[in-house]
Amino acid sequence: MSLVARLRLGVGIILCLLHTAPMAGPLPGEALFAVACEACHSLESEPDHRIGPPLGGLNGRKAAAVSGFAYSPALQNSDWRWTLPTLLAWLTDPDAAIPNNAMNYVNALSAEETQRLAEWLLAQQSD
Ligand code: HEC
């Protein structure tokens, strides 16, 4: 199994566990990020060893703007800027939002969780 497939399987299993575990309340954005995104993304400003670009300071940033990260041509040519509406569209269905992008991610969160995660992420500066 490829690394990405294994990561996705792992994320899927964790999400299943979280959805079945009895919980005191809704998961905060930070926990949703840890479960659904952190395998591939950090909150740094510089690219690290991960599969996806760092996401610190995302709010208002042009898409594909972190120098040194090998973005897909699709994202580079997208002319997108990261705000709440664009981030929600991207996370809800990346392939519909920007066809041929390289983010191998299927959203397993509810619309409400996706919104909470997006709002939390846009409030984060880089570490
Ligand atoms: C399997 C790995 C993987 C997972 C899981 C993943 N991403 Fe990504 N993400 C990527 C890759 C790879 C790219 C670069 C896509 C491209 O170049 O087309 C990307 C790009 C992005 C971008 C664009 C960044 C920029 O600089 O323009 C955002 C925003 C983003 N991801 C958010 C998220 C969020 C939030 C989550 C969790 C809900 C998530 N991603 C889950 C791999 C992943």
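See above for the structure.
In this text the structure is predicted, and so the values were computed from the model without any measurement.

(A) Seen up close, the overall build of the protein chain. Within the protein chain, the regular secondary structure consists of six helices and zero strands. Looking at the 127 residues of the protein chain, the share that counts as buried comes to 19%. The long-range fraction of contacts in the protein chain, counting pairs at least 24 apart against all pairs at least 6 apart in sequence, stands at 50%.

(B) Structural detail: the site of the ligand. Looking at the ligand, there are 32 residues lining it, with Cys37, Cys40, Gly52, Ser72 and Asn101 nearest. Taken together, the elements giving at least two residues each to the shell around the ligand come down to helix H1 (3-20), helix H3 (73-76), helix H4 (84-92) and helix H6 (111-122).

(C) Fine view of unusual backbone geometry. One non-glycine residue with positive phi stands out, namely Ala64, at about 60°. Relative to the elements of secondary structure, Ala64 occurs in the loop between helix H2 (29-36) and H3. Its 21 C-beta neighbours within 10 Å are what place Ala64 among the buried residues. At Asp79, a position not held by glycine, the phi torsion is positive, near 65°. In this structure, Asp79 sits in the loop between H3 and H4. Among the residues examined, Asp79 registers 8 C-beta atoms within 10 Å and is labelled exposed.

(D) Spotlight on the nonpolar core. By size, the foremost hydrophobic cluster in this structure holds 16 residues, and its most contacted members are Leu87, Leu117, Ala118 and Leu121. Each residue touching Leu121, except ones within four places of it in the same chain, is listed here: Gly29, Phe33, Leu55 and Leu58.

(E) Looking closely at H6. Between its terminal C-alpha atoms H6 stretches 16 Å, which fits the 16 Å expected from 12 residues at 1.5 Å a residue. For H6, the elements touching its buried residues are H2 and H4.

(F) Structural detail: the environment of Met103. Mapped onto the secondary structure, Met103 falls in the loop between helix H5 (94-97) and H6. We classify Met103 as buried; it has 20 C-beta atoms within 10 Å. Separated by 28 residues in the primary sequence, Met103 and Leu75 place their C-alpha atoms 9.7 Å from one another. Beyond its immediate stretch of four places on either side in the chain, Met103 contacts Gly52 and Pro94.

(G) A look at the packing of H2 against H6. Contact geometry of H2 with H6 gives a least axis separation of 8 Å together with a crossing angle of 100°. On the basis of the axis angle, H2 is roughly perpendicular to H6. On H6, the residues touching Gly29, Glu30, Leu32 and Phe33 of H2 are Glu113, Arg116, Leu117, Glu119, Trp120 and Leu121. Its residues assigned to classes, the contact of H2 with H6 comprises five nonpolar, one polar and four charged.

Rules used in this analysis
Residues numbered from 1 in each chain as written. Predicted model: local features only at pLDDT ≥ 70, side-chain atom pairs only at ≥ 80, totals over all residues. Helix = DSSP H or I, 4+ residues; strand = E, 2+ residues; numbered from the N terminus. Buried ≥ 20, exposed ≤ 12 C-beta atoms within 10 Å, placed from the backbone. Contact = placed C-beta atoms within 7 Å. Near = placed C-beta within 6 Å. Core = buried A, V, L, I, M, F, W, Y, C linked by C-beta atoms within 7 Å. Expected span 1.5 Å × (residues − 1). Axes fitted to C-alpha atoms, helices over the stretch in contact; angles between N-to-C directions. Parallel < 35°, antiparallel > 145°, perpendicular 65-115°, else oblique. Nonpolar A, V, L, I, M, F, W, Y, C, P; charged D, E, K, R; others polar.

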